[in-house]
Amino acid sequence: MNQLSTLSTYLLQAVASQSSPESSGKIHINQLVAKMASLYEKLRNVMEYREEAVVLRATIERIIKRRLLLGGTGTTIAEPLVRELLWARYFSEQTITEEKIQVIGKKIDVYIRLRQEIVARKMLGEHEVSEWINHLLSSDIEQYVNASFHKNLVAGFMFQIMKSNVLIGDDSEQTRDVQVFIAVRKTFAKDDIAFLRYHLFLQYFGEVREDNVLEIGSLFQIGYQEIQKQLTYPLKDRIASYVNNKTPIFFVLEDLLQVHGAGFADILKDSEESLSKAVFQACSARYSGIRQKVGRAIFRSVIFILLTKAFFAFAIEGSIENVLYGGIDIRTMLVNVAVPPILMIMVGFNIRIPGKRNSELIFQLLKEVMFQEKPDMGMPLEVLLVPKKGNPFLHGVFTLLWFLAFMLTFGAMVFVLSKANFNIISQGIFIFFLTIVSFLSYRIWLMSREYSVEKRPGLISPLTDFFFMPIIRVGRSLTEGIAQINILLFVFDFIIETPFKGLFAFFEQWFFFLHAKREELE
């Protein structure tokens, strides 16, 4: 086969130099307690709609916030934090050592000190500072205890390739590089806002340590403003969309490195047939997991809606209908209950698995990125921060059509519901559910297509976009907005979880005590 590119050679050298993880663990947990805690954690996680890739980070943040609220420090938080994560089975006991717990404790203390420095300088409001510190600290700890070596390695490789395929005509290359970096982390690594802040923070300040915390504290506001500027960059969505279309190649590359490790270099040097076989096997494994992944997402979405939205919506519907109409319309309530699962099931039935043609395209593109110094990734993206002035008449027409789409879509729903004798309250609840479910269904549909290289729009796509995009956009706003005022999450995190985890800790110690007494008799 052809000679590897310089960038591919560096990638494979990094894979070959990976050190083996520590295998000795000193933290032991009771399996009965772990089983109960794991069930609780699964229930808690479905109350927030997150990518699977960020669930562990979010859990770490939740535990740290709870324990800091009770006045904890690195010394008092580190071991209970690790123990809670082991209970929930995010990783095995053999991956954690006492040394790691000490490092985590130091990280917690240094970020607490950083927060104090920033607050003392009155750069930002305390709430915003706390949010940033919690995001940075939880991301730092997650990367330390659960670093995705191959994912981070391939993300860097992807960035180096994709940055030359994006051109911002009226902005600097530095800005272009930052935006491509953000796009890769968001689309390939599935980073949330906390991880994005963390990775940009590392690029700007480096790792937070005891010897540089004062310097970072004094310069934090400048770095904060620059990071916020990049995260709210006007062209970020267009660049992310372009980069997202190239992710299937790198998902498969990540799988190949995980499966074959340093041996992947031998496959590349062997023959085209060997590489083809390995790529097709990786693609097949990815495709076979799509339905399972979509099924989990549908289940989590239905539970998410029922637990965090339905309870309060029905409470409001029942209360107001009782006052205004003298009773509850069971028929309309049943319709509102049935709509979410039915729509989700319909999405599941319409999932299409990529075929052989898609695997062939991935194989050809993978050869391109591994063997070519300047890989051909298709048409480059050329954009302008300040676009050229278009036809103002057409802009006005398009704006009017977009407004018309909203009016027609929601007007049609109100008309049909009125004909079906839904009162105003029931109509509001129905539309509320429909928009949220539509948004979640759209996210799941996108998930099912994340391994597809060719994403050609169908013949009726313009028509469906015209009528359904308004519903999906409203659903996104409702989902993201209501998530900020989720009372049930507050109840779980600060009223139920604290005593619940305290009981877990008590019973675990009690079981260990009984075990020690039994050993004395042997």
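Residues numbered from 1 in each chain as written. Predicted model: local features only at pLDDT ≥ 70, side-chain atom pairs only at ≥ 80, totals over all residues. Heavy atoms only, no water.

Draft legend 1. Representation of the overall build of the protein within the structure. When its secondary structure is counted, the protein shows 21 helices and 2 strands. Burial statistics for the protein: of 522 residues in total, 46% are counted as buried. In the protein, of all internal contacts separated by at least 6 residues, the share reaching a separation of at least 24 is 83%. Accessible surface for the protein amounts to roughly 27,400 Å². Of this, 61% is attributable to carbon and sulfur atoms. (Helix = DSSP H or I, 4+ residues; strand = E, 2+ residues; numbered from the N terminus. Buried < 20%, exposed > 50% of the residue type's maximum accessible area, 1.4 Å probe, protein only. Contact = heavy atoms within 4.5 Å. Areas by Shrake-Rupley, 256 points an atom, 1.4 Å probe, with all protein chains shown as cover.)

Draft legend 2. A look at the nonpolar core. One finds Phe250, Leu253, Phe264 and Met370 to be the most contacted residues of the largest nonpolar core, which totals 122 residues. With 9 residues, helix H19 (residues 424–448) is the largest single contributor of residues to this core. Counting 9 residues, the second-largest nonpolar core is a separate cluster that includes Phe410, Met413, Phe430 and Ile431. (Core = buried A, V, L, I, M, F, W, Y, C linked by side-chain atoms within 4.5 Å.)

Draft legend 3. The arrangement of the pattern of salt bridges in detail. Taken as a whole and judged by the stated rule, the model has 20 salt bridges. Glu254 is paired through a salt bridge with Lys151; the nearest N and O atoms lie 3.1 Å apart. Of this pair, Glu254 sits in helix H12 (residues 247–260) while Lys151 is found in helix H7 (residues 149–162), placing the two residues 103 residues apart along the sequence. For the pair formed by Glu254 and Lys151, the shared burial category is buried. Ionic pairing is found between Arg185 and Asp191, a salt bridge with its closest N-O pair at 2.8 Å. Across the pair, Asp191 and Arg185 agree in class, each one buried. (Salt bridge = Lys/Arg side-chain N within 4 Å of Asp/Glu carboxyl O.)

Draft legend 4. Structural context of the side chain of Lys151. Within the structure, Lys151 has its side chain in polar contact with the side chain of Glu254 (distance 3.1 Å). Not counting residues within four places of it along the chain, the set of residues in contact with Lys151 comprises Phe188, Ala189 and Glu254. (Polar contact = N/O pair within 3.5 Å; in protein donor to acceptor, adjacent residues only side chain to side chain.)

Draft legend 5. Highlighting helix H16 (residues 330–349). Under the 1.5 Å per step criterion, the end-to-end length of H16 is 29 Å for 20 residues, consistent within 8% with the ideal 28 Å. When the local axis directions of H16 are compared, the greatest deviation, roughly 30°, occurs at Val339, which is followed within four positions by the proline Pro340. (Expected span 1.5 Å × (residues − 1). Bend = angle between axes of the 7 residues up to and from the residue.)

Draft legend 6. Region of interest: the environment of Met344. As for its placement among the helices and strands, Met344 is situated in helix H16. Sequence separation between Met344 and Ser441 is 97 residues; the distance between their C-alpha atoms is 6.3 Å. The contacts of Met344, once residues within four sequence positions are left out, are Ile298, Ser301, Val302, Ile305, Val437, Leu440, Ser441 and Ile444.

Draft legend 7. Looking closely at helix H5 (residues 98–120). Here H5 is 23 residues long and its end C-alpha atoms lie 33 Å apart, about the 33 Å a rise of 1.5 Å per residue gives. Residues Lys100, Ile101, Ile104, Gly105, Lys107, Ile108, Val110, Tyr111, Leu114, Glu117, Ile118 and Val119 constitute the buried set of H5. The elements touched by buried residues of H5 are helix H4 (74–87), helix H6 (126–145), helix H9 (193–205) and helix H10 (213–231). Phi turns positive, to about 55°, at Lys122, one or two residues after H5.

Draft legend 8. Examining the layout of surface pockets more closely. The volume enclosed by the second largest pocket comes to roughly 640 Å³. Along its surface, the second largest pocket is lined by 26 residues, and Glu52, Ala53, Val55, Leu56 and Tyr90 are the ones closest to its centre. Sorting the residues of the lining of the second largest pocket by element identifies helix H2 (31–45), helix H3 (55–69), H6, H7 and helix H15 (290–325) as the ones contributing at least two each. Broken down by element, the lining of the second largest pocket gets its largest block of residues, 4 residues, from H2. Residue composition of the lining of the second largest pocket, by class: 9 nonpolar, 6 polar and 11 charged. (1 Å grid on protein atoms, 1.4 Å probe; cavity = no way out; pocket = protein on both sides within 12 Å on 5 of 7 lines; lining within 4 Å. Points joined across faces, edges and corners; volume = space filled by probe spheres on them. Nonpolar A, V, L, I, M, F, W, Y, C, P; charged D, E, K, R; others polar.)

Draft legend 9. The packing of H12 against helix H17 (residues 356–371), seen in detail. Running from amino to carboxyl end, H12 crosses H17 at an angle of 75°, the nearest separation of the two axes being 9 Å. By the angle between their axes, H12 is roughly perpendicular relative to H17. Where H12 approaches H17, its residues Pro248, Ile249, Phe250, Val252, Leu253 and Leu256 are matched on the opposing element by Ile362, Leu365, Leu366, Val369 and Met370. For the contact of H12 with H17, the class distribution of residues is 11 nonpolar, no polar and no charged. (Axes fitted to C-alpha atoms, helices over the stretch in contact; angles between N-to-C directions. Parallel < 35°, antiparallel > 145°, perpendicular 65-115°, else oblique.)

Draft legend 10. Structural view of the side chain of Asp140. With respect to the secondary-structure elements, Asp140 resides in helix H6. A distance of 2.9 Å separates a polar atom in the side chain of Asp140 from a polar atom in the side chain of Tyr111. Setting aside anything within four residues of it in sequence, one finds Asp140 in contact with Lys107, Tyr111 and Tyr198.

Draft legend 11. Main features of unusual backbone geometry. Phi at Lys122 takes a positive value of approximately 55°, unusual for a residue other than glycine. What makes Lys122 exposed here is its relative accessible area of 72%. The residue Lys190 is not glycine, and still its phi comes out positive at about 65°. Along the chain, the position of Lys190 falls in the loop between helix H8 (173–187) and H9. Lys190 gets classed as buried once you look at its relative accessible area, which sits at 18%.

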